[in-house]
Amino acid sequence: DVKVTQSSRYLVKRTGEKVFLECVQDMDHENMFWYRQDPGLGLRLIYFSYDVKMKEKGDIPEGYSVSREKKERFSLILESASTNQTSMYLCASSLWDRGGGYTFGSGTRLTVV
Amino acid sequence: TQLLEQSPQFLSIQEGENLTVYCNSSSVFSSLQWYRQEPGEGPVLLVTVVTGGEVKKLKRLTFQFGDARKDSSLHITAAQPGDTGLYLCAGPTSGTYKYIFGTGTRLKVLA
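Residues numbered from 1 in each chain as written. Chains lettered and ligands numbered in written order. Predicted model: local features only at pLDDT ≥ 70, side-chain atom pairs only at ≥ 80, totals over all residues. Heavy atoms only, no water.

Draft legend 1. Quick look at the overall build of chain A. Helix and strand content of chain A: zero helices and 11 strands. If you list the helices and strands of chain A from N to C, you get β-β-β-β-β-β-β-β-β-β-β. Against the 2.2 N^0.38 benchmark of 13 Å for 113 residues, chain A shows a C-alpha radius of gyration of 13 Å, consistent with a compact globule. Projecting the C-alpha coordinates of chain A onto the three principal axes gives extents of approximately 40 × 30 × 25 Å. Looking at chain A as a whole, 46% of its 113 residues are labelled buried. Within chain A, contacts between residues separated by at least 24 positions form 55% of all contacts whose residues are at least 6 apart in sequence. Computed over 16 positive and 15 negative side-chain charges, the inter-centroid distance for chain A is 6 Å. (Helix = DSSP H or I, 4+ residues; strand = E, 2+ residues; numbered from the N terminus. Rg over C-alpha atoms; globule rule 2.2 N^0.38 Å. Buried < 20%, exposed > 50% of the residue type's maximum accessible area, 1.4 Å probe, protein only. Contact = heavy atoms within 4.5 Å. Lys, Arg positive; Asp, Glu negative; His and termini not counted. Charge placed at Lys NZ, Arg CZ, Asp CG, Glu CD.)

Draft legend 2. Structural view of the nonpolar core. The biggest cluster of nonpolar side chains holds 22 residues, and the ones touching the most others in it are Leu 4, Leu 19, Trp 34, Phe 63, Leu 74, Ile 76 and Leu 107 of chain B. Looking at this core, the elements with two or more residues in it are strand E3 (19–24), strand E4 (32–37), strand E5 (44–49), strand E7 (61–65), strand E8 (71–76), strand E9 (85–92) and strand E11 (105–110) of chain B. Ignoring anything within four residues of it in the chain, the contact list for Leu 107 of chain B reads Leu 11, Ile 13, Leu 19, Ile 76, Asp 83, Thr 84, Gly 85 and Tyr 87 of chain B. Of all hydrophobic cores here, the second largest spans 20 residues; its members include Cys 23, Phe 74, Leu 78 and Tyr 89 of chain A. (Core = buried A, V, L, I, M, F, W, Y, C linked by side-chain atoms within 4.5 Å.)

In structure tokens:
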């Protein structure tokens, strides 16, 4: 089974802190993605990466950055956490061929206080 | 801009009833996926449909891709409480690795 593992299920951070969310996949997928999910707004793409050291902005990249130094690991960084970044964060991976869909991690529920 | 609209948004039914969820777009998709998401978890891929008119069955779930590849439906026969969750359709955007997701249908099946 393809597995996408997110390092934390729940996180509570203070406003202004730098926050790292880690995601690791074990099936050699080329593409990795970070989404946030909020009630009434659905899934919104923050950043994605189609290769090591490559990244592209999604629909809502402001306040976030990413790092992909190894193929299996994709990190999301909140440079200075704010309360409006309280959300469910979902990491996903997929093969290069675009047709097979995503494998998601279990999510990280982040609360910024 | 490619959009996927799902209907209904919410559905609450009794165990044993049948239901259909719809996913519609004005754009053509090369494939569509359906996911189910349980509370506090990430979405899990249920099926991918690729060919216009294709029908796929997964136990009590039947998925159909429209002939023109602009829409899809999910039919559940004899719903059970374990079917409760958020159902999402998704499809790849043209020329990119990104998928767009539908607005979601939140299903609750009462015992």
